[in-house]
Amino acid sequence: MGKKQPARNQPCPCGSGIKYKKCCIDRKITGTDDQSEIESIIQKAINDLLADDNRTIQSAVEILARLSQSKSLSGSRCETVFMNLARGLQRLGRHHEALDQLNKLADSDVKPSDESLAWFLQLSGISLAALGQITQACERFEQALDLSSRSKPMLRGSIAMEAGRSYYIAKDFARANELWREAEALFEKAGDIEHLTR
């Protein structure tokens, strides 16, 4: 059995007298080239983004932000880190910062798949809508819907649900209802009741 890591707010085991989150955890996050360790850190942060409390989400955002600066991220991991960082910032209501992270990803050398690009456009649309830029949000959602036609039904359903919200705000009720019906059908088919209740 491996040695148990200290909690983030406990003193660092290196003896520095500094909290673990401000000392060796930072070196562990940004200084490792061990791909399985990086993957483990990424997955824990992604899982923490689903928490109900802002402290846990903020902690995950901090870890993903540090990882986004790592030189050892491969293309798909880089994409995963930046998009989940944007998602975490959105959960904290920090939509300008989320768009900044998405723009950094767009400016990078990473070449996303159609499915990843659809998710990217969806995240952009969510933040644009939250910032009151409804026309631009609807445009992003339409681009995401075009790309997601061959994607997993859950992704397309999620995009349709978010797009429906923007169209509703834009007072295009017919398009909003069309998108919500599509999302409902996709979620029912997948058996995902959680999305239907949102």
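Right above here is the structure, for reference.
This report concerns the structure included in the present document. (Residues numbered from 1 in each chain as written. Predicted model: local features only at pLDDT ≥ 70, side-chain atom pairs only at ≥ 80, totals over all residues. Heavy atoms only, no water.)

### Let's talk about the overall build of the protein
Consideration 1: Within the protein, the regular secondary structure consists of 10 helices and 0 strands.
Consideration 2: Its helices and strands in sequence order give the protein the pattern α-α-α-α-α-α-α-α-α-α, from N to C terminus.
Consideration 3: The proportion of buried residues among the 198 residues of the protein is 44%.
Consideration 4: Put simply, of all contacts in the protein between residues at least 6 apart along the chain, 51% involve residues at least 24 apart. (Helix = DSSP H or I, 4+ residues; strand = E, 2+ residues; numbered from the N terminus. Buried < 20%, exposed > 50% of the residue type's maximum accessible area, 1.4 Å probe, protein only. Contact = heavy atoms within 4.5 Å.)

### Remarks on the nonpolar core
Consideration 1: Judged by nonpolar contacts, the single largest core of 51 residues is most densely connected at I42, V61, L64, L67, L102 and I159.
Consideration 2: Elements that contribute at least two residues to this core include exactly α2 (35-48), α3 (54-68), α4 (75-91), α5 (95-107), α6 (114-130), α7 (134-147), α8 (153-169) and α9 (173-190).
Consideration 3: Among residues more than four places away in sequence, those in contact with I42 are L67, L73, R77, T80 and V81. (Core = buried A, V, L, I, M, F, W, Y, C linked by side-chain atoms within 4.5 Å.)

### Looking at the packing of α2 against α4
Consideration 1: Axis separation between α2 and α4 bottoms out at 11 Å; the angle between their running directions is 20°. Viewed along their axes, α2 and α4 adopt a mutual orientation that is roughly parallel. Read as a crossing pair, α2 and α4 show a hand that is left-handed. The residues of α4 that touch α2, namely those facing Q35, I38, E39, I42 and I46, are R77, T80, V81, N84 and R87. (Axes fitted to C-alpha atoms, helices over the stretch in contact; angles between N-to-C directions. Parallel < 35°, antiparallel > 145°, perpendicular 65-115°, else oblique. Left-handed = near helix turned anticlockwise from the far one by under 90°.)

### As for a nonpolar patch on the surface
Consideration 1: A cluster of nonpolar side chains, contributed by Y168, F173 and W180, occupies part of the molecular surface with about 300 Å² of accessible area.
Consideration 2: The class of W180 is partly exposed, set by a relative accessible area of 30%. (Patch = residues over 30% accessible without salt bridge, like charges linked within 9 Å, V, L, I, M, F, W, Y side chains within 5 Å. Areas by Shrake-Rupley, 256 points an atom, 1.4 Å probe, with all protein chains shown as cover. Salt bridge = Lys/Arg side-chain N within 4 Å of Asp/Glu carboxyl O.)

### Some points on α6
Consideration 1: Along its 17 residues, α6 runs 24 Å from first to last C-alpha, staying within 8% of the 24 Å computed at 1.5 Å per residue.
Consideration 2: Taking burial as the measure, the 17 residues of α6 include 12 buried ones, the bulk of the element.
Consideration 3: Turning to α6, its buried residues number three or more, namely S116, A118, F120, L121, Q122, L123, S124, G125, I126, S127, L128 and A129.
Consideration 4: The elements touched by buried residues of α6 are α4, α5, α7 and α8.
Consideration 5: Downstream of α6 by a residue or two, G132 has a phi angle that is positive, lying close to 85°. (Expected span 1.5 Å × (residues − 1).)

### Some words on the side chain of S124
Consideration 1: Counting through the fold element by element, S124 comes out in helix α6.
Consideration 2: Residues within four places of S124 in sequence aside, it is in contact with L99, L102 and R140.

### A look at the pattern of salt bridges
Consideration 1: Under the criterion given, the structure shown has 8 salt bridges.
Consideration 2: Here R77 and E39 are joined by a salt bridge, their closest N and O atoms 2.7 Å apart. Residue R77 is located in helix α4, and its partner E39 is located in helix α2; the two are separated by 38 residues in the primary sequence.
Consideration 3: Residue classification places R77 among the buried residues on the basis of a relative accessible area of 16%.
Consideration 4: Here E97 and R94 are joined by a salt bridge, their closest N and O atoms 2.9 Å apart.
Consideration 5: Judged by its relative accessible area of 26%, R94 falls in the partly exposed class.
Consideration 6: Look at the salt bridges and you will find they share partners, linking E142, R175 and E178 into a network.

### So, unusual backbone geometry
Consideration 1: A positive phi is found at K171, a non-glycine position, where the angle reads about 65°.
Consideration 2: We classify K171 as exposed; its relative accessible area is 64%.

### Observations regarding the environment of R55
Consideration 1: By secondary structure assignment, the location of R55 is in helix α3.
Consideration 2: For R55, a relative accessible area of 68% puts it in the exposed group.
Consideration 3: Here the alpha-carbon distance between R55 and L92, two residues 37 residues apart in the chain, equals 9.8 Å.

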